[in-house]
Amino acid sequence: RPLVKQEEYQQQESRSVLEKLYGNSLKRFVNALYQGEKIKKEVTFTNTGRGPMYVRACCLFSSKEAEEGARLLMGSSRWELAEDGYYYYTDIVNPKERTEVLLYGLTWESEEEITDFDLTVYTESVQAAGHENSREAFAHLMEREEGQEK
């Protein structure tokens, strides 16, 4: 009969590894597991409206540390990053149709410890009618909104 149960032995060894390698920090241990690993999350958008639309999106991190430590794994080349920080979908999205993938996920590349963060993908859509492309459509929308503020 063993002096120590297998479960107790494994528990003690796990504590020892956590203490020696990660300073007894579960957060550092989890960070080490995900460093360089892909966190998968496919992001697409569906037009639930009644008319053809153009779509744009931007990715917002909840902290500067998260933004600097993560690398986004971008999807389709139909999403073009513009100087204003938005990704513009180059095709019209018809009712009930879906865009190609904007984002496949991210990898954590920083050695800095971070407890948690949020990544919000903010989207806007505008009617496609009367516009040649998505940037023109959103520029026209912004002009109209600025004119109403005056």
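All figures in this text were calculated on a predicted structure; none of them were measured in a lab. (Residues numbered from 1 in each chain as written. Predicted model: local features only at pLDDT ≥ 70, side-chain atom pairs only at ≥ 80, totals over all residues. Heavy atoms only, no water.)

Caption draft 1: Region of the structure containing the overall build of the protein chain. When its secondary structure is counted, the protein chain shows four helices and seven strands. In the protein chain, the succession of α and β elements from N to C terminus is α-α-β-β-α-β-β-β-β-β-α. Put simply, the protein chain has 150 residues, and 29% of those count as buried. Counted over contacts in the protein chain with a minimum sequence separation of 6, partners at least 24 positions apart contribute 76%. Accessible surface, the protein chain as shown: approximately 11100 Å² in total, 45% of it carbon and sulfur. (Helix = DSSP H or I, 4+ residues; strand = E, 2+ residues; numbered from the N terminus. Buried < 20%, exposed > 50% of the residue type's maximum accessible area, 1.4 Å probe, protein only. Contact = heavy atoms within 4.5 Å. Areas by Shrake-Rupley, 256 points an atom, 1.4 Å probe, with all protein chains shown as cover.)

Caption draft 2: Spotlight on the packing of aromatic side chains. By the definition in use, this model includes five aromatic pairs. Ring geometry for Phe45 against Trp79: centres 5.7 Å apart, planes inclined by 65°, an arrangement best described as edge-to-face. Of the two residues, Phe45 is situated in the loop between strand E1 (38-43) and strand E2 (53-61) and Trp79 in strand E4 (residues 79-81); the sequence distance between them amounts to 34 residues. The residues Phe45 and Trp79 share a single accessibility class, namely buried. Cluster of aromatic residues (ring-pair linked, three or more members): Phe45, Trp79 and Tyr89. Over the face of the ring belonging to Tyr86 we find Arg56, whose NZ or CZ atom lies 3.8 Å from the ring centre. (Phe/Tyr/Trp six-rings, centres within 6.5 Å; stacked < 30°, edge-to-face > 60°. Lys NZ or Arg CZ within 6 Å of the ring centre and 35° of its normal.)

Caption draft 3: Broad picture of the sheet that holds E4. Reading across the sheet, the four strands line up as E4-E5-E2-E7 and stay open at both edges, with antiparallel pairing between neighbours. Bordering the open sheet on either side are E4 and strand E7 (119-127), each of which pairs with just one other strand. Strand-to-strand twist across the sheet, computed as the mean angle between neighbouring axes with direction ignored, equals 25°. The sheet contact formed by E4 and strand E5 (residues 87-89) spans three bridges and is antiparallel. Bridge pairing in E5 places Trp79 opposite Tyr89. (Pairing = 2+ DSSP bridges. Axes fitted to C-alpha atoms, helices over the stretch in contact; angles between N-to-C directions.)

Caption draft 4: Main features of unusual backbone geometry. Positive phi, normally seen in glycine, also occurs at Lys96, with a value near 70°. As for its placement among the helices and strands, Lys96 is situated in the loop between E5 and strand E6 (103-108). For Lys96, a relative accessible area of 78% translates into the label exposed.

Caption draft 5: Looking closely at the environment of Glu109. Its place among the elements puts Glu109 in the loop between E6 and E7. Separated by 41 residues in sequence, Glu109 and Glu68 have C-alpha atoms that sit 8.7 Å apart.

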